[in-house]
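Here are the chains, one letter per residue:
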Amino acid sequence: GVMVDGKRMEDIPVGAFGNVADNGCAAIATYNLMIFHGYKPTFKTVLDSLVIMRGGNKAERAWNAVGIGGILPFTVKRYLKNYFEDVKSKFWWGWENIVKRSRGIITLFQWPGKGKRMHYVAGITKASGKKIKFYSSFLDDYKNNFISISEYMRLLKKEGCKRKYIISIGKRKKERDCFH
């Protein structure tokens, strides 16, 4: 598989009313993390799994199935737990601590402005977990290099974005321990 960028994916539906270009960043971030760590799902498999994810309450499943609000972070976390050990999450505080021992992260932030849209971004950590490369961040001043989580948070703040949620993963589960 190849890591993807959602800008050219308007024709792929998310739930009943959304599309990948506008509402698929959770699936893109999740897929990119999976591919980087050696899993070989199709993008459609990841997207469909997130939209119809078992577990959670009825409201969460309904939200994801509609599609126009994107996928909830609790769904992304539950999906990643099927494939990675030590999956953790935090809301807007403590991001530095959660990254220290992670093998990858997914962040969720809110854009400034009237629509206050949310956006998920996959981050691939170097071996030490201290530097991260972000994919599909769409931040003006990010130059696709490895940076610290503190630098990333400064970029978010500079653009008026608000940190909302972070998910970190540990190492891959053994294939026999994965839910498919």
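Residues numbered from 1 in each chain as written. Predicted model: local features only at pLDDT ≥ 70, side-chain atom pairs only at ≥ 80, totals over all residues. Heavy atoms only, no water.

Peer 1: Describe in detail the overall build of the chain, supporting the description with residues and values.
Peer 2: Each helix and strand in the chain was counted, giving seven helices and seven strands. Going residue by residue from the N terminus, the α and β elements of the chain occur as β-β-α-α-α-α-α-β-α-β-β-β-α-β. Out of the 180 residues belonging to the chain, those deemed buried represent 47%. In the chain, the share of contacts with a sequence separation of at least 24, taken over all contacts with a separation of at least 6, comes to 59%. If you sum the accessible surface of the chain, you get close to 9,700 Å²; carbon and sulfur atoms cover 54% of it. (Helix = DSSP H or I, 4+ residues; strand = E, 2+ residues; numbered from the N terminus. Buried < 20%, exposed > 50% of the residue type's maximum accessible area, 1.4 Å probe, protein only. Contact = heavy atoms within 4.5 Å. Areas by Shrake-Rupley, 256 points an atom, 1.4 Å probe, with all protein chains shown as cover.)

Peer 1: Can you lay out the confidence of the model for the chain for me, pointing to particular residues and giving the numbers?
Peer 2: Of all residues in the chain, 78% have pLDDT values of 70 or greater, and the mean over the chain is 82. Per-element mean pLDDT across the chain ranges from 61 in helix α4 (residues 58-66) up to 94 in strand β7 (residues 162-169). (pLDDT = per-residue confidence, 0-100.)

Peer 1: Explain helix α5 (residues 73-81) residue by residue, including any values.
Peer 2: Those residues of α5 that sit buried are Pro73, Thr75, Val76, Tyr79 and Leu80. For α5, the arc enclosing every buried residue in end-on projection is 155°, short of the 170-degree limit, so these residues lie on one face. (Arc of directions from axis to C-beta.)

Peer 1: Please give an account of a nonpolar patch on the surface that cites residues and values.
Peer 2: On the surface, Phe74, Phe91, Trp92 and Trp93 cluster together to form a nonpolar patch covering roughly 460 Å² of accessible area. Considering the arrangement of structural elements, one finds Phe74 in helix α5. (Patch = residues over 30% accessible without salt bridge, like charges linked within 9 Å, V, L, I, M, F, W, Y side chains within 5 Å. Salt bridge = Lys/Arg side-chain N within 4 Å of Asp/Glu carboxyl O.)

Peer 1: So what's going on with unusual backbone geometry? Residues and values would help.
Peer 2: Backbone geometry at Phe138 places phi at a positive 60°, although glycine is not the residue there. Within the element layout of this structure, Phe138 appears in the loop between β6 (132-135) and α7 (149-158). In this model, Asn144 sits at a positive phi of 60°, which is unusual for a non-glycine residue. Checked against the element boundaries, Asn144 lands in the loop between β6 and α7.

Peer 1: Can you explain helix α2 (residues 25-36)? Please cite residues and give values.
Peer 2: Helix length check: α2, at twelve residues, gives a terminal C-alpha distance of 16 Å against a target of 16 Å (1.5 Å per residue), a fit within 8%. For α2, the tally of buried residues reaches eleven of twelve residues, placing the bulk of the element in the interior. Within two residues after α2, Gly38 carries a phi angle of roughly 90°, on the positive side. (Expected span 1.5 Å × (residues − 1).)

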